[in-house]
Each structure stands twice: as structure tokens, then as C-alpha cells.
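Structural characterization, general
Chain residues, written in single-letter form:
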Amino acid sequence: SLVPVKENIYQLAVLITDVAKYIEKDSELDKYAQRRGVSVYGLQNCLHMLPSDFSQKTLSLICGEIKDAIVITAEVKIEGGEVTEVVNCSSPENTTMKCMIKLCYKSAQQLLNSKTPETEEVRKRVKEFDSTGKLSISETLKLLFNIAMNIRIKRLGDAAYCYQISDPGEEENWQSHLLVEELMIWANNIIAKYLYESLPQMSVIRRQLPPLAEETSAVEKAHEGVLGHSLSLKSLSSQSVDETPLLMTTSTLQAIRDACMRRDIFKLTSILTNDQLYPQLAIVHSALISIRRCRRGEYICTRLIEDQSLEKNALYSHHSLRL
């Protein structure tokens, strides 16, 4: 949610259902979740830590219903539609929430594009939302997207502009996907820090160690001439290296021409920042992925970490997320 507090100042809140309020300790559901450990998200489906029926009906947000939740807030400064600061992030707190409107990615993207949602039910909910607050739902989503991009740029630098949808058919909804993804990464990172600071000897956190320096250096040296052509790879490039001409397939060139003819700036940006469309850059990413497979993300208990060769920041970092 996003609420105006005073001129140019807004309160951002990310709310997550407080699962502990709905499951008794040592109950059958609790034991079921312990056996599963985590939810596993695949390309086409999800294996929930809790039974799907329970997750979708009891834990999911339902318009008009009040739910127990955990909230993380921050103060956001927005001037002229541009986000300048995201500060005073709170620790996780217990609260209750009432969902006013529930949107799929497509409906959210339509509102981000200032278009009318396709379904009558969503149009009805939008009208109700717009009549109750200082900001319309479309204005709220646009500001939330700007906040998400501000957070993403701070996290990734120039690579923040490289964003590709992995779900087939969802390419047109990239802004709504990025909005949700970035705010959830932000919230989860705050929760992880809170858990570690509260329980430094018994926190379970997810980390991904960086690849070995010598392996990364070998890839950089082998492809140093093309790294500067990529926003996500140019940080690996040496300023003194002469750039190799970038090869482009006929289909990519045609896609760029089509986007220019339609003046579709979002499509053009997507093509220009998608390294997989350029053979030399795709090869570099493939090489880096093969190295990172040796350093996969993992859940660890902080009290079990005894690797004295790594600094504290590296011990609890997540390399791919740059956190």
C-alpha cells in the first residue's frame, strides 16, 4: 500500500499474511510444513509448503476480509513523480489488513498503462478503491513501480534496466511483475536482517556465495571485448580494453526496427537490454551460469557457519541478488 503522509512524503507498506496466526504449533499442519520445509516454485507450477487449498483460501488475500499480517514500512520522498529517497525502513511488525482490491498481473499492467481493466469485477473494485483514497489505483501503481525501480537501481546499478520475464506470454506485463518482485525482495531482505540481529546464533537465512575469483577472471579475460556492450556485464569490463563489434541476428535487427517504427520505447528497451538476443553476450552469460551452479542458493543456520576465510558480509550475502 502507499499512503500520502504530507507534501511529497508517502508511507510505503508491504504486508504479508502472518501464517503463524493460522497454524497452531505442533498441529498436523505445522508438522506437514516442517516436512516440506519450503515452497518450491517451478516455471509452470508451485509445490506449496502448506496444502494448496489452505494456502489459496485461508492465507491468500480475499477482498473485504480482514487478515492477520506482518508489515514492513518505509518513508518515501517523491517529487514531481520521481522517487528521491526510500528511508526509515521499519522492522517487521504485527498488524491486521483488509484487502480492497485484488489484481492479476494483466489487470495491474492495464492500470499502469492508464487503460481500463477488461473484467467487470475489476472495474467495479477499481471504482470503489478510487472513491475512498487520495490516490487512484492507477496513480498508486505508477508510484509503486517508480519506488520499485528506485530500489532496484540501488541494488543492481545499471543492470537494473535489464529485466526479462521468464513466464511465457507475460512479456507485456513486465512492469507489474517487476513491481511485485522488487518489493518482495526488499521486504524479505529486511526480514532476514531482522532475524539475524534478533537471533544471531539460530537464524535460518538464504544465501548464495560468490563464484571463485579465478573462475570469474577466466571468463572476463576470454570475453573482455564484448562486456562493455551489456548493462549487466559492463561492471566486469576493463576501461582500457578495445570493444569488439557486437554481432546481431537479422531477427533482432528487424525487431529493433519494428519497435522504432511503432515508437514502442518499452519494447525497444527490452530488446536492447536482453543479452540473450546477442550471441556473444549470451555465451558470456552461459559461462557465468555454469560457474555459479557450483555456488547455488542455500538455506543455512547462522550458528553452523565457521568459514573464517570469508568476511561477515560475504558469509550472509546473496550473490545473484547483490544483497
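Attention in this report is confined to the structure presented alongside it.

Calculation notes
Residues numbered from 1 in each chain as written. Predicted model: local features only at pLDDT ≥ 70, side-chain atom pairs only at ≥ 80, totals over all residues. Heavy atoms only, no water. Helix = DSSP H or I, 4+ residues; strand = E, 2+ residues; numbered from the N terminus. Rg over C-alpha atoms; globule rule 2.2 N^0.38 Å. Buried < 20%, exposed > 50% of the residue type's maximum accessible area, 1.4 Å probe, protein only. Contact = heavy atoms within 4.5 Å. Areas by Shrake-Rupley, 256 points an atom, 1.4 Å probe, with all protein chains shown as cover. Pairing = 2+ DSSP bridges. Polar contact = N/O pair within 3.5 Å; in protein donor to acceptor, adjacent residues only side chain to side chain. Patch = residues over 30% accessible without salt bridge, like charges linked within 9 Å, V, L, I, M, F, W, Y side chains within 5 Å. Salt bridge = Lys/Arg side-chain N within 4 Å of Asp/Glu carboxyl O. Axes fitted to C-alpha atoms, helices over the stretch in contact; angles between N-to-C directions. Parallel < 35°, antiparallel > 145°, perpendicular 65-115°, else oblique. Left-handed = near helix turned anticlockwise from the far one by under 90°. Nonpolar A, V, L, I, M, F, W, Y, C, P; charged D, E, K, R; others polar. Core = buried A, V, L, I, M, F, W, Y, C linked by side-chain atoms within 4.5 Å.

**Structural notes on the overall build of the chain**
- Counting secondary structure elements, the chain contains 11 helices and 9 strands.
- A compact globule built from 323 residues would reach a C-alpha radius of gyration of about 20 Å, and the chain, at 22 Å, matches this within 12%.
- Reported as C-alpha extents along the three principal axes, the dimensions of the chain are approximately 60 × 55 × 40 Å.
- Put simply, the chain has 323 residues, and 35% of those count as buried.
- A fraction of 67% describes how many contacts in the chain between residues 6 or more apart in sequence connect residues 24 or more apart.
- Roughly 20000 Å² of accessible area belongs to the chain as shown, and the carbon and sulfur atoms make up 52% of that amount.

**Description of unusual backbone geometry**
- Positive phi is not limited to glycine here, since asparagine 8 has a value of about 70 degrees.
- Looking at the element boundaries, asparagine 8 is found in the loop between strand E1 (2-6) and strand E2 (9-17).
- The backbone of arginine 322 shows a phi angle near 55 degrees, a positive value even though the residue is not glycine.
- Given a relative accessible area of 41%, arginine 322 falls into the partly exposed group.

**With respect to the pairing of E2**
- Sheet analysis places E1 next to E2, joined by 4 bridges and oriented antiparallel. Across the sheet, leucine 2 pairs through a bridge with leucine 12, a residue of E2.
- Hairpin remark: E1 followed by E2, antiparallel, with 2 residues in the connecting loop; positive phi at asparagine 8, about 70 degrees.

**Some details on the side chain of lysine 67**
- Note that lysine 67 resides in strand E5 (residues 66-79).
- One polar contact links the side chain of lysine 67 to the main-chain carbonyl oxygen of threonine 58, over a distance of 2.4 Å.
- Discounting chain neighbours no more than four positions away, the residues touching lysine 67 are Tyr22, Lys57, Thr58, Leu59, Ser60, Thr95, Thr96 and Met97.

**Regarding the side chain of glutamate 182**
- Relative to the helices and strands, glutamate 182 is located in helix H6 (residues 174-198).
- For glutamate 182, the side chain forms a polar contact with the side chain of arginine 152, separated by 3.1 Å.

**Overview of a nonpolar patch on the surface**
- On the surface, Val38, Val40, Leu47, Val204 and Tyr299 cluster together into a nonpolar patch covering about 460 Å² of accessible area.
- For leucine 47, the position within the fold is in strand E4 (residues 46-47).

**Regarding the packing of helix H8 (residues 250-262) against helix H9 (residues 265-273)**
- Relative orientation of the contacting elements H8 and H9 amounts to 155 degrees, with a least axis distance of 8 Å. If you check the angle between H8 and H9, you find them roughly antiparallel. You can see that H8 and H9 cross each other, and the crossing is left-handed. Across the interface between the two elements, Thr252, Ala255, Ile256, Ala259, Cys260 and Arg262 from H8 touch Lys267, Leu268, Ile271 and Leu272 from H9.
- Among the residues forming the contact of H8 with H9, the class breakdown is 7 nonpolar, 1 polar and 2 charged.

**Some remarks on the pattern of salt bridges**
- Using the criterion set out here, one finds 10 salt bridges in the structure.
- The partner of lysine 234 in a salt bridge is aspartate 158, with the nearest N and O atoms 2.7 Å apart. Here lysine 234 is found in the loop between helix H7 (213-222) and H8, whereas its partner aspartate 158 is found in the loop between helix H5 (137-156) and H6, with 76 residues between them in sequence.
- Residue aspartate 158 is classed as partly exposed on the basis of its relative accessible area, which comes to 35%.
- A network of salt bridges, in which partner residues are shared, links Glu121, Arg125 and Glu128.

**Description of the nonpolar core**
- If you look at the biggest cluster of nonpolar residues, it comprises 35 residues, and the most contacted ones within it are Leu12, Ile147, Leu183 and Trp186.
- Put simply, the parts of the chain that give this core at least two residues each are E2, E5, strand E6 (82-87), helix H3 (105-112), helix H4 (120-130), H5 and H6.
- When residues in this core are grouped by element, the largest group, 9 residues, is from H5.
- Residue contacts for leucine 12: discarding those within four places in its chain leaves Ser1, Leu2, Ile72, Thr73, Ala74, Val76, Leu144, Ile147, Leu183 and Trp186.
- Core analysis: the second largest hydrophobic core is formed by 13 residues, Val219, Leu233, Leu288 and Ile291 among them.

Fair warning: the whole summary comes from geometry, so function is off the table for now.
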